[in-house]
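A closer look at the structure
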Amino acid sequence: MTLPDSVRAALEDAAQTIVEATYVTALAGAGMSAESGIPTFRGPGGLWKKYGEPDNLGYQRFLKDPQQWWEERLSENQMPEMREALEKAEPNPGHYALVDLERIGALRHLVTQNVDNLHRAAGSESISEIHGNHTLIRCIKCVRRFRRDEISLDKLPPECPTCDGLLKTDTVMFGEPIPPDVLRRCQEEAALSDCVLILGTSAIVYPAAALPEVARRLNGATLIEINPNETALTEVCDIVVRAPTGEALPELVTAVRRAQGHGEVSGGILEAT
Ligand code: NAD
Ligand code: ZN
């Protein structure tokens, strides 16, 4: 893996900043999973180029006729490449590098916009899935989440076993408010951050995209972007690493370890020290 010198220099800066910060968080987006074979929505090869950008009424349609929504969901194969990619995908070196950063105390919390479950599969523990997790089902009344195999889909729409509320996939639909528990946690984490890594996100979906700016406003947080392309937040970032996260993040772990005074490490997931 050969990264250009400019990228290496930016990664060294990023590592130094991370080591000097007191509370580092990350905001991840679809680009983090591009190297796991999951298409992004925007950017080169994004799904919106093929299907067009959906309207903002998905949640309203669900509320109007949840039975029909569930029937369509179970029978139709909308965006087949997305469904297939989600089924097959495995974490890439970028996901594992974030686990390493968490274990060595360099990353306190990860807010991901991805619904693909790959951060959890890799081993990230301090994580908020701001747009949900496609492997889960959520009650819109009590906000409890269930594994898919815990819920019978014999009768549609399914009801919450705890409160009889309406169940939907945990994935946040277009036009659906962010579930209040996860939104609160994301805001609390942003308010604590004095350094935010912005990873593989076009940073135009709100309120997720606002989190780095909240950290900046409240704490003067340093913003570090890793993305091969320019984004809506590039201009306000202090350090920009123009590289794919699957290549840059493992290098960042090495640089952070060096800056922490632990020296070089050889591949794989690190032991906590
Ligand atoms: P986006 O599709 O709007 O933008 C993708 C970003 O990833 C672009 O900035 C692109 O330059 C960057 N990118 C592409 N390849 C990359 C790589 N190898 N390394 C780093 N960056 C790379 O994605 P978004 O900002 O996350 O917003 C889209 C919304 O759609 C999200 O809210 C998310 O919930 C959802 N979504 C999720 C998934 C998933 O779960 N994997 C996939 C597509 C979309
Ligand atoms: Zn409920």
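All of these numbers come straight from a predicted model, not from anything done at the bench. (Residues numbered from 1 in each chain as written. Chains lettered and ligands numbered in written order. Predicted model: local features only at pLDDT ≥ 70, side-chain atom pairs only at ≥ 80, totals over all residues. Heavy atoms only, no water.)

**Regarding the overall build of the protein chain**
Looking only at helices and strands, one finds 10 helices and 9 strands in the protein chain. The C-alpha atoms of the protein chain give 19 Å as radius of gyration, which agrees with the globular expectation for 273 residues (19 Å, within 12%). Dimensions of the protein chain along its principal axes, counting C-alpha atoms only, are 60 × 35 × 35 Å. Once local pairs closer than 6 in sequence are excluded, the contacts in the protein chain between residues at least 24 apart make up 68%. For the protein chain, the computed accessible surface area is about 13200 Å², with 49% contributed by carbon and sulfur atoms. (Helix = DSSP H or I, 4+ residues; strand = E, 2+ residues; numbered from the N terminus. Rg over C-alpha atoms; globule rule 2.2 N^0.38 Å. Contact = heavy atoms within 4.5 Å. Areas by Shrake-Rupley, 256 points an atom, 1.4 Å probe, with all protein chains shown as cover.)

**With respect to the site of ligand 1**
Around ligand 1, a shell composed of 27 residues is seen, among which R42, Q113, H131, T201 and S202 lie nearest. Residue T201 places a side-chain N or O atom 2.6 Å away from an oxygen atom belonging to ligand 1. In this structure, T245 approaches ligand 1 through a main-chain N or O atom, which is 3.0 Å from a nitrogen atom. Burial of ligand 1 by the protein amounts to 93% of the accessible area it has alone, namely 850 Å². The residue inventory of the shell around ligand 1, partitioned by class, reads 11 nonpolar, 13 polar and 3 charged. (Near = heavy atom within 4 Å. Polar contact = N/O pair within 3.5 Å; in protein donor to acceptor, adjacent residues only side chain to side chain. Nonpolar A, V, L, I, M, F, W, Y, C, P; charged D, E, K, R; others polar.)

**Overview of the nonpolar core**
Counting residues in hydrophobic clusters, the biggest one holds 34 residues, and the most contacted among them are I18, L101, L197, V241 and L252. Of all elements in the fold, only α1 (5-20), β1 (24-28), α6 (93-103), β7 (195-199), β8 (222-226), β9 (239-241) and α10 (245-260) reach the threshold of two or more residues within this core. Every residue in contact with V241, bar those within four places of it in the chain, is listed here: V7, A10, L11, E225, I226, N227 and A248. Counting residues in hydrophobic clusters, the runner-up holds 12 residues, among them F62, W70, I137 and C160. (Core = buried A, V, L, I, M, F, W, Y, C linked by side-chain atoms within 4.5 Å. Buried < 20%, exposed > 50% of the residue type's maximum accessible area, 1.4 Å probe, protein only.)

**Some remarks on the environment of L153**
Tracing the chain through its elements places L153 in the loop between β5 (145-147) and β6 (167-169). Given the relative accessible area of 29%, L153 is considered partly exposed. Separated by 122 residues in sequence, L153 and G31 place their C-alpha atoms 32 Å apart. Beyond its immediate chain neighbours, meaning those up to four positions away, L153 contacts W70, L74 and P158.

**Looking at the state of the cysteines**
Tallying each qualifying case throughout the model produces 0 disulfides. We note that C195 lacks a disulfide partner, and the nearest cysteine sulfur, in C237, lies 10 Å from it. (Disulfide = S-S within 2.5 Å.)

**A look at the coordination of the zinc ion (ligand 2)**
Surrounding the zinc ion (ligand 2) are the protein donor atoms C139 (SG), C142 (SG), C160 (SG) and C163 (SG), which sit 2.2 to 2.4 Å from the metal. Coordination at the zinc ion (ligand 2) comes from 4 donor atoms whose angles at the metal span 98 to 117°, giving a geometry best classed as tetrahedral. For the zinc ion (ligand 2), the single-chain donor residues occur in sequence as C-x2-C-x17-C-x2-C. With a gap of 18 residues between them, C142 in the loop between β4 (136-139) and β5 and C160 in the loop between β5 and β6 connect regions that are remote in the sequence. Overall, C160 belongs to the buried group, its relative accessible area being 2%. (Donors = N, O, S within 2.8 Å, 3.2 Å for Na, K, Ca; no water. Tetrahedral: all angles 85-135°; square planar, octahedral: opposite > 155°, others 65-115°.)

**Quick look at the packing of aromatic side chains**
In total, this model carries 3 aromatic pairs according to the counting rule given. Taking 6.2 Å as the distance between ring centres and 15° as the angle between the ring planes, the aromatic pair formed by Y59 and F62 counts as stacked. With Y59 and F62 both in helix α3 (residues 58-64), this residue pair falls 3 residues apart, about one helical turn. By the burial criterion, Y59 is buried, and F62 matches it. (Phe/Tyr/Trp six-rings, centres within 6.5 Å; stacked < 30°, edge-to-face > 60°.)

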